[in-house]
Each structure stands twice: as C-alpha cells, then as structure tokens.
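Commentary on secondary and tertiary structure
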Amino acid sequence: MPATDSGKVLVTGANGYVAVWVVKTFLDHGFSVRGTVRSESKAPYLRNLFKSHGKKFEVVIVEDITKDGAFDEAVKDVDAIVHTASPFHFKAEDPAEVIDPAVRGTTGILKSALAHAPSVKRIVVTSSCASVFSILPEPRELSELDWNEGHIAEVKEKGKDASAMAKYCASKTLAERAAWEWVEAHKGEIGWDLVVLNPPYVFGPFLHEVDKPENLNESARDWYETVVKGTKDDETLATWGSCWVDVRDLALAHTLAISKQEASGERIIISAGSFKYQDFLNVAHAVYPQLPAGNTSYDPAKAVHMLTYAPQKQEKLLGIKFKTIEEMTKDTIEDFKARDWLL
C-alpha cells in the first residue's frame, strides 16, 4: 500500500514528551499536522510553539480516548495517523487503569480510521520495547519476533498485586497485539497499512510544556534525578541499564515510517544501543564538573549488557544514524541549564 511523503498527519496525544517532537519533525518535513489533546487548557502552549507554521498546525480536543468513536471527527480528511496517546506511569493500582485505555485507544483509532477516514494511507502506532523484552537470566539479543509474555502472565496471576512495571508492560503488549489482530481481522476492508514502532527508554531534550523537573515524564525524571541529583548508588550506576534512543531520533523514525514504502506492515525496534546509568554521568560530569561524578571505578569496557535489540530491521527500512550518548547527554544538560534546573 502507498506510503505518503506529504499531506496532513493526525498525531494523538500531541502534548506528550515524544509526541511534541513528532509534531515538530513532521512540520519540519513539510507535512501539515492535526494534534489531539485531552483538554483546551493543553492547546495554547502547542499553538504558540508551532505558530510559525501557521495553518499547517491545528489542535483538536479528544477528551477520552477510551470512548467509542472518540476519534471519529479527528481522523477526517487526514492522509496518515500517528497514535502516541497511551498511559505511561507506574501508579496504577488496578491493571485495568493502564491496560484499558491503552487497548481501547489503539483499537478505537483504527475503527475510526476505517469508518471515517477514506483518505488515510498509513497508520503508525507508537508501541514500546516494553512489549518486546523479557527479564533474562543471561545476556541476549531480542528482535521484533519477541513478545513480552512474562508480564502479561504476571498481571493475569497477581492482578492488583502485580508489579507496576508488569502492569505498564502488559498494557503496551496487549495494545500492540490488539492493533495487529484488528488489522488482520479487517484487512479486506481497510485501505491503509499499519506500522508499529518499538522504542526502549527515551531520553533527550524537551519541547513539551513542563514547569519543573518533578513534572517530567517517568523516564526523563529518573534520568534527571540520576544524572543531576545523584540519587543512585555506585553499584546501581555501574550495573543497572537497558537500551535507549534519543527522542529526536524517535520522532524522525515516525516521519520515515509514514513516508517509506518499505516500512509497510512492519514492527520496527528503534534503539540506539545499550547503556548503564554511569555512562550518562561520565559525560555530564565532564561537561559540568559540578554534577555528580558517580562511580569513578566504572569501566564501560567491562560492562555486561543483559539486553540488546537487533538493529537490522531499522537499518534496512529506515536507516537512521542515531545520536550518541555523548550528544544526547550534552544536549539534555544544556536544556536543563537553560531552564535553570542544574543544582
């Protein structure tokens, strides 16, 4: 099915950390963007941020993405859709608090596209490596063929007593799986194709509306507290890690996923590589010596990364040259400095 390199793109949850960069990148590539937010109070900041783009950017209100037909109006007359809106927090007591809106929001926008958006050529869903990874006893490379069955099983078994991580990961896994199943069930009716992007931890500078570090999203707040406030002990800094991607590269991946024909029907991991938290501190402390040095005995050459993601599909289909840990860390610290957030 055809990709599109022009026209109007609907971006859901447009005021989110990742989504604001997605909006900017589409606008910078010549697209028009319609962004959804949950209330009018969240719209003025975005209108001001993108005012130089004039009529090429608009905001519409979708108060509750779990309601039937929530996106029926928003999807009209767009050429592509990027669905980023999904809960990202670890505060849910009942797993349904994060699973229901994730699943219903994702399938809901697909239903709206089928019923009300005949002009749509492609839909990109922002999933997560949370739907890919597993807790592993030994180092392993995972790929787009892997699914996070473990956390779904934990939620089914323990319910409210499941870990916060399990509830969140189950929500992302079940929402992504629901999207693929819905598309398969309706493949004879739809005139568009689906692409799913799976990023790991997302770090980097901020464009969205945020007034203080305490109000950053989960991963960004943890990064700030670790790198600027020095909240992790030496052992954790040297041994705890995962994989990461710069938010700006992830935004570019969304644009390429819409415009590249080869991405059609693909699940694509968007990862720049592995990290230990001390890797970030090494860069930040070198640039700003007043920031914590962390574990000065850490040797990155000896670090054991339990989890890596296969890069081949992204390299073949999108070809992104990812920003380095050094670039991301320096740019993020500069952002903190500009906001007067350095201690």
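For the structure, check the block above.
Read on for an overview of the structure. Bear in mind that the values here come from a model prediction, so they are computed numbers and not experimental data.

Let us look at the sheet that holds strand β3 (residues 57–61). Spatially, β3-β2-β1-β4-β5-β7-β10 is the arrangement adopted by the seven strands of the open sheet, whose pairing is parallel. Each edge of the open sheet is held by one strand with a lone partner, namely β3 and β10 (267–269). Ignoring strand direction, the axes of neighbouring strands in this sheet form an average angle of 20°. Pairing of strand β1 (residues 8–12) with strand β2 (residues 32–37), which is carried by four bridges, proceeds in the parallel orientation. The residue bridging V9 from the neighbouring strand is V33, located in β2. Along the sheet, helix α1 (residues 17–28) contacts β1, β2, β3 and β4 (80–83); its crossing angle with β1, the most-contacted strand, is approximately 175°. Contacts between helix α3 (residues 96–116) and the sheet are confined to β1, β4 and β5 (122–126), with β4 contributing the most and set at about 170° to the helix.

The subject of this paragraph is the pairing of β3. By the bridge criterion, five bridges tie β2 to β3 in an arrangement that is parallel. Bridging from a neighbouring strand, G35 pairs with V59 of β3. Handedness of the crossover joining β2 and β3 through helix α2 (residues 43–49) is recorded here as right-handed.

Below, the discussion takes up the pairing of strand β7 (residues 193–198). For β7, a buried count of six out of six residues is recorded, marking the element as mostly surrounded by other parts of the structure. Of the two faces of β7, both are covered, the one formed by D193, V195 and L197 as well as the one formed by L194, V196 and N198. Here β5 runs beside β7; their pairing, made up of five bridges, is parallel. Within the sheet, the bridge partner assigned to R122 lies in β7 and is D193. Here three bridges tie β7 to β10, and the two strands are oriented parallel to one another.

Basis of the calculations
Along every chain, residues carry numbers that run from 1 in the direction the sequence is written. In view of the model being predicted, local features appear only for residues whose pLDDT reaches at least 70, and side-chain atom pairs are presented and counted only at 80 or more, with totals across whole chains, interfaces and linings using the full set of residues. Hydrogens and waters are ignored; side-chain quantities use all the structure's heavy atoms. Paired strands are those between which DSSP finds at least two bridges. Helix numbering and strand numbering both begin at the N terminus, where a helix is a DSSP run of H or I of at least 4 residues and a strand a DSSP run of E of at least 2. Axis angles are defined between N-to-C directions and span 0 to 180 degrees, where every axis is a line fitted to C-alpha atoms and, for a helix, only to the segment in contact. Two residues qualify as a contact provided that any one of their heavy atoms is within 4.5 Å of a heavy atom in the partner residue. When the strands point away from the viewer and the path from the first strand over the helix to the second turns clockwise, the crossover is right-handed. Burial classification: accessible surface area is computed with a 1.4 Å probe over protein chains only, and a residue below 20% of its type maximum counts as buried, one above 50% as exposed, and the rest as partly exposed.

All quantities given are derived from atomic positions and should not be read as evidence of function.
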